[in-house]
Structures are given as structure tokens and as C-alpha cells.
Amino acid sequence: MSFTNVYYKRTAGTAKSCYVCYRPTPTVLATINTVDFIYVCPGHLSDSNFASRIADAEAPAKSSVSAEEIAKIKQEWEDKQKKKQEKEKEKGKEEKEDGKDKKSDAGSSKEASKSPTPAPAASTKPAAPAHERYSLHRDFYAS
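What you see is a predicted model; the values in this text were computed from it and never measured.

(A) Representation of the packing of aromatic side chains within the structure. Evaluated as defined, the whole model comprises one aromatic pair. A centroid spacing of 6.3 Å and a plane angle of 85 degrees characterise the contact between phenylalanine 37 and tyrosine 39, whose relative ring orientation is edge-to-face. Phenylalanine 37 sits in the partly exposed class, given a relative accessible area of 49%. By relative accessible area, tyrosine 39 is classed as buried at 14%.

Okay, here's the thing in C-alpha cells:
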């Protein structure tokens, strides 16, 4: 039974000994269907004589976003922030009419300065996790 020489780097729940140095490591190289696997330290993965990382050709295409899309999203975000600030100003005026302290106004302005930061993070989608791919060498440390 032959396997393709493409292994995916994954993290296991429990650490087992490295195939090379016998130190405990949670890093595993496994085939796509997890039939064949090997526990390897991250240090050995960076060793050019043990394994080579396979460059992912699809990754650059997925991450490239046109300048027009960035400008459009940026404009939408700025418009939303302006609307939020206008609403907060209206609420601040209503609170002053109700006879509240200036301290509450200062507190609402602090909250306003904190709210723009999480807004862009919530609008972005988390990327699907892509495992690093490696190809093992036949002759390990053969010179």
C-alpha cells in the first residue's frame, strides 16, 4: 500500500514523543485521510533535510482583494460611525435635558471612543484554517 508524499501539519490533543528526538510534541504530520501519521517537533519541520514545505498556490489568490472593494467597505464603515456619533450626540442632549450629571456624559464619550475598535473586527469573516503541507525526504540526514 503506497501513500502520496503529502503530509499535513496538525496539532494533536495529547503530546507524544517526537519520531526523531523523542521529546514530547503535539505536532503531527498526517496524510489527508489520517492513515499514515508521524509526531514531529516543529524544529525538525524547519530542517531542510527532514521535510520540505509545499507552497500553497491558492493562498495568494484568496487573500488578494481589489482596491475598489477595500474603498467601498471603508466608506460603509465611516458612514456607520458617523451615524453612531450622531445618535450618541442626540442621546447626550436628551440626558442633559433630563438633568443628569456631566460625569455620565464623560462616560458615554469614553464608550464612544471604545466602540469603533471592535466594529471592523466583527464585520470580517474568519478564514478557514488551512493546514501547512509538507513533503518528507527519503534520505534523512544522508550525506
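From this point, things continue past the structure.
(B) Local environment of a positive patch on the surface. Positive charge collects at one region of the surface, where Lys80, Lys83, Lys84, Lys87 and Lys91 lie side by side. Relative accessible area serves as the criterion here: at 56%, lysine 87 is assigned to the exposed category.

(C) Just the environment of cysteine 18, in detail. Following the sequence through the fold, cysteine 18 ends up in the loop between strand E1 (7-17) and strand E2 (24-30). Separated by 10 residues in sequence, cysteine 18 and valine 28 have C-alpha atoms that sit 9.0 Å apart. Discounting chain neighbours no more than four positions away, the residues touching cysteine 18 are Arg23, Thr25, Tyr39, Val40, Cys41 and His44.

(D) Local environment of the sheet that holds E1. With antiparallel pairing, five strands are arranged side by side in an open sheet as E3-E2-E1-E5-E4. At either end of the open sheet lies a strand with only one pairing partner, and these are strand E3 (37-39) and strand E4 (51-54). Averaged over all pairs of adjacent strands, the angle between their axes in this sheet comes to 45 degrees, without regard to strand direction.

(E) Structural detail: unusual backbone geometry. Phi is positive for tyrosine 22, which is not a glycine, with a value near 65 degrees. Mapped onto the fold, tyrosine 22 is located in the loop between E1 and E2. Look at tyrosine 22 and you get exposed, because its relative accessible area is 61%. Notably, threonine 34 is not glycine yet its phi reads approximately 60 degrees, a positive angle. By the secondary structure assignment, threonine 34 is in the loop between E2 and E3.

(F) Structural view of the environment of asparagine 49. Looking at the element boundaries, asparagine 49 is found in the loop between helix H1 (42-45) and E4. Among the residues examined, asparagine 49 registers a relative accessible area of 40% and is labelled partly exposed. Along the chain, asparagine 49 and aspartate 139 lie 90 residues apart, while their C-alpha atoms are 8.0 Å from each other.

(G) Representation of the pattern of salt bridges within the structure. Inspection of every chain in the model, using the stated rule, returns one salt bridge. For lysine 9, the salt bridge goes to glutamate 132, with nearest N and O atoms at 3.9 Å. Placement of the pair is lysine 9 in strand E1 and glutamate 132 in the loop between helix H5 (118-123) and strand E5 (133-136), with a sequence separation of 123 residues. For lysine 9, a relative accessible area of 26% puts it in the partly exposed group.

(H) The side chain of threonine 27, seen in detail. By the element assignment, threonine 27 lies in strand E2. Residues within four places of threonine 27 in sequence aside, it is in contact with Lys9, Arg10, Ile38, Tyr39, Val40, Pro42 and Leu45.

Rules used in this analysis
Numbering of residues starts from 1 in each chain and follows the order in which that chain's sequence is written. For this predicted model, a pLDDT threshold of at least 70 governs which residues receive local features, and a threshold of 80 or more governs which side-chain atom pairs are given and counted, while totals over whole chains, interfaces and linings are taken from all residues. To get the side-chain values, all heavy atoms of the structure are used, and hydrogens and water are removed first. The criterion for an aromatic pair is that two Phe, Tyr or Trp rings (for Trp, the six-membered ring) have centres within 6.5 Å, with stacked assigned to planes under 30 degrees apart, edge-to-face to planes over 60 apart and tilted to the rest. When a residue's accessible area, from a 1.4 Å probe over protein chains only, is under 20% of the maximum for its type it is buried; when over 50% it is exposed; and in between it is partly exposed. Nonpolar side chains (Val, Leu, Ile, Met, Phe, Trp, Tyr) are joined into patches within 5 Å and like charges within 9 Å, using only residues with over 30% relative accessible area and no salt bridge. Each accessible area is a Shrake-Rupley result for a 1.4 Å probe, and residues are judged covered by the shown protein chains and nothing else. One speaks of a salt bridge when a side-chain nitrogen belonging to Lys or Arg is within 4 Å of a carboxyl oxygen belonging to Asp or Glu. Only four residue types enter the charge count, namely Lys and Arg as positive and Asp and Glu as negative; His and the chain termini do not. A charge is said to be at NZ when it belongs to Lys, at CZ for Arg, at CG for Asp and at CD for Glu. Secondary structure follows DSSP: runs of H or I at least 4 residues long count as helices, runs of E at least 2 residues long count as strands, and numbering of each begins at the N terminus. Note on definitions: a residue-residue contact is assigned when non-hydrogen atoms from the two residues lie within 4.5 Å. Strand pairing is defined by DSSP finding a minimum of two bridges between the two strands. Every angle, taken between N-to-C directions, lies between 0 and 180 degrees, and every axis is a line fitted to C-alpha atoms, over only the stretch in contact when it is a helix.

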